[in-house]
Amino acid sequence: MKRLLLIFLVGVATTAQTQAQEPPPPPKMGRMQGGMPPPPPPGERPNIEAIKVAYITKELNLSAEEAQKFWPVHNAYMAELKKARQENKSAELAFEEQALSIRKKYNNDFKKILNAEDRVNTVFKLDRNFNDMMRQEMMKRGMKPKGPDGKPDRPELRKRLMQRNRTDSTIKKN
């Protein structure tokens, strides 16, 4: 009888112990806030546009109504920039002039949606910052970034972009 009671108690204790253990912690979901998501499993290509939408939506703190109006305008803006880039592959200055006129054109459209000049300026900065983050992430992963013409990125252009970002970040701090 004592043995049966002892076996019963050991069984109950073992069962209670396994049920009381904490479940394993969830897997880490990427890097610190503001960073890029972890690399995808082999064979899966990330949807960079979806990552960009999530990044800009979060940083601008867009409401559902604002996002519904904002993204079609932003997509049209990006399409015009892409077209200008393709038309001026070898003429950097011509592209920059055309890009500036496109930004001025969409500045008013964004202002109607976002209702604040500083948020509109943030849109342009976020686009630039996202592209720079993607370029840096590609370099970390050993991939060679490509320029708008499909050729490997030009180091002098990359250096100029990095300098511009440093200047932007020092302006924010002051």
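Here, the structure is the one placed above.
Please read these numbers as outputs of a predicted model, since none were measured by experiment.

Caption draft 1: Just unusual backbone geometry, in detail. Look at Asn 61: it is not a glycine, yet its phi comes out positive at around 55°. Within the fold, Asn 61 resides in the loop between helix 2 (48-60) and helix 3 (64-87). Phi angles above zero are rare outside glycine, and Asn 115 is one such case at about 60°. With respect to the helices, strands and loops of the structure, Asn 115 is situated in the loop between helix 4 (92-114) and helix 5 (117-140).

Caption draft 2: Looking closely at helix 3. End to end, helix 3 covers 35 Å across 24 residues, agreeing with the expected 34 Å (1.5 Å per residue, within 8%). The axis of helix 3 is deflected most strongly, by about 30°, at Phe 70, and proline Pro 72 appears within four residues downstream. What helix 3 keeps buried is the set Glu 66, Ala 67, Phe 70, Trp 71, Val 73, His 74, Tyr 77, Leu 81 and Ala 84. Each element contacted by the buried residues of helix 3 is listed here: helix 2, helix 4 and helix 5.

Caption draft 3: Structural context of the pattern of salt bridges. Taken as a whole and assessed by the stated rule, the structure comprises 6 salt bridges. A salt bridge links Arg 119 to Glu 66; the shortest N-O distance between them is 2.9 Å. In this pair, Arg 119 is assigned in helix 5 and Glu 66 in helix 3, connecting sequence segments 53 residues apart.

Caption draft 4: Molecular detail of the packing of aromatic side chains. In the structure shown here, the tally under the stated rule is 8 aromatic pairs. A ring pair is formed by Tyr 77 and Phe 124, whose centres lie 5.7 Å apart and whose planes are at 70°; its orientation type is edge-to-face. Here Tyr 77 is found in helix 3, whereas its partner Phe 124 is found in helix 5, with 47 residues between them in sequence. For Tyr 77, a relative accessible area of 2% translates into the label buried. We classify Phe 124 as buried; its relative accessible area is 15%. Three or more aromatic residues link up through ring pairs in this structure, and these residues are Phe 70, Trp 71, Tyr 77, Tyr 106, Phe 110 and Phe 124.

Criteria and thresholds
- Residues numbered from 1 in each chain as written.
- Predicted model: local features only at pLDDT ≥ 70, side-chain atom pairs only at ≥ 80, totals over all residues.
- Heavy atoms only, no water.
- Helix = DSSP H or I, 4+ residues; strand = E, 2+ residues; numbered from the N terminus.
- Expected span 1.5 Å × (residues − 1).
- Bend = angle between axes of the 7 residues up to and from the residue.
- Buried < 20%, exposed > 50% of the residue type's maximum accessible area, 1.4 Å probe, protein only.
- Contact = heavy atoms within 4.5 Å.
- Salt bridge = Lys/Arg side-chain N within 4 Å of Asp/Glu carboxyl O.
- Phe/Tyr/Trp six-rings, centres within 6.5 Å; stacked < 30°, edge-to-face > 60°.

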